[in-house]
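# Observations on the three-dimensional arrangement
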Amino acid sequence: MQHLSKSIVVLLLSATASLSVYAQYKPMDINADKGSDKPMHNNMDMGMSEAMKDKQAQTIQTYILQRDELSDQIRDEQDTVKKQALMAEQLQLIKEHEELKRTMKKKMMKKHHEKMLNNKNMKM
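Cut-offs and rules
- Residues numbered from 1 in each chain as written.
- Predicted model: local features only at pLDDT ≥ 70, side-chain atom pairs only at ≥ 80, totals over all residues.
- Heavy atoms only, no water.
- Helix = DSSP H or I, 4+ residues; strand = E, 2+ residues; numbered from the N terminus.
- Buried < 20%, exposed > 50% of the residue type's maximum accessible area, 1.4 Å probe, protein only.
- Contact = heavy atoms within 4.5 Å.
- Areas by Shrake-Rupley, 256 points an atom, 1.4 Å probe, with all protein chains shown as cover.
- Expected span 1.5 Å × (residues − 1).
- Core = buried A, V, L, I, M, F, W, Y, C linked by side-chain atoms within 4.5 Å.
- Salt bridge = Lys/Arg side-chain N within 4 Å of Asp/Glu carboxyl O.
- Patch = residues over 30% accessible without salt bridge, like charges linked within 9 Å, V, L, I, M, F, W, Y side chains within 5 Å.
- Lys, Arg positive; Asp, Glu negative; His and termini not counted.
- Charge placed at Lys NZ, Arg CZ, Asp CG, Glu CD.

## Overview of the overall build of the chain
A count of helical and extended segments in the chain gives four helices and zero strands. Listed N to C, the secondary structure of the chain is α-α-α-α in terms of helices and strands. Every one of the 124 residues in the chain was classed for burial, and the buried ones make up 7%. In the chain, once contacts between residues fewer than 6 apart in sequence are set aside, the share between residues at least 24 apart is 39%. Split by element, the accessible area of the chain, about 11400 Å² in all, is 60% carbon and sulfur.

## Examining helix H3 (residues 50-76)
Given a rise of 1.5 Å per residue, 27 residues ought to cover 39 Å, and the 39 Å separating the end C-alpha atoms of H3 matches this to within 8%. Along H3, the residues classified as buried are Tyr-63, Leu-70 and Ile-74.

## Digging into the nonpolar core
Counting residues in hydrophobic clusters, the biggest one holds five residues: Tyr-63, Leu-70, Ile-74, Leu-86 and Leu-93. Those elements giving two or more residues to this core turn out to be H3 and helix H4 (80-123). Residue contributions to this core peak at three residues, all from H3. Not counting residues within four places of it along the chain, the set of residues in contact with Leu-70 comprises Leu-86, Glu-89, Gln-90 and Leu-93.

## Let's talk about the pattern of salt bridges
On inspection of all chains with the given rule, the structure shows six salt bridges. Across the pair Asp-68 and Arg-67 runs a salt bridge, and its minimum N-O distance is 3.5 Å. When its relative accessible area of 34% is taken as the criterion, Asp-68 is described as partly exposed. Across the pair Arg-102 and Glu-99 runs a salt bridge, and its minimum N-O distance is 3.1 Å. Here Arg-102 and its partner Glu-99 are both found in helix H4, three residues apart, which amounts to about one turn of the helix. Through salt bridges with shared partners, a single network forms among Asp-72, Arg-75 and Asp-76.

## Details of a nonpolar patch on the surface
Taken together, the side chains of Leu-4, Ile-8 and Leu-12 define a hydrophobic patch exposed on the protein surface, amounting to about 290 Å² of accessible area. You can see Ile-8 is positioned in helix H1 (residues 2-24). By relative accessible area, Ile-8 is classed as partly exposed at 44%.

## Observations concerning a positive patch on the surface
A surface patch of like charges, here positive, comprises Lys-55, Lys-107, Lys-111 and Lys-115. With three residues, H4 is the largest single contributor of residues to the positive patch. Relative to the helices and strands, Lys-111 resides in helix H4.

## Looking at the side chain of Gln-90
If you trace the backbone, Gln-90 turns up in helix H4. Residue classification places Gln-90 among the buried positions, given a relative accessible area of 14%. Among residues more than four places away in sequence, those in contact with Gln-90 are Arg-67, Leu-70, Ser-71 and Ile-74.

Here you go:
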């Protein structure tokens, strides 16, 4: 009986402590951008115009269609030599696309960095 009463006391104390901790918990809004009502990822386009966004989307679409077409050809090809050639062509396409993405990212980061430096110089 004594163990039961101690267990009940421990249970009540732990429940009380956990409720007080839970009451202080406030979920953090990860989309809060210091007063901005836009999520942070919308601010990361770094000033791309709608025409630039459309052109980028068309480029990606073209790449996906080419890659998928090569995948279909690889799947359907019976000759192993031709299959290897198609796989090499697809690999080259993927490498070129990834290099283009890296180049664009570097260009955009450089532009963003320069913008930040200009803003820092203006504040001084």
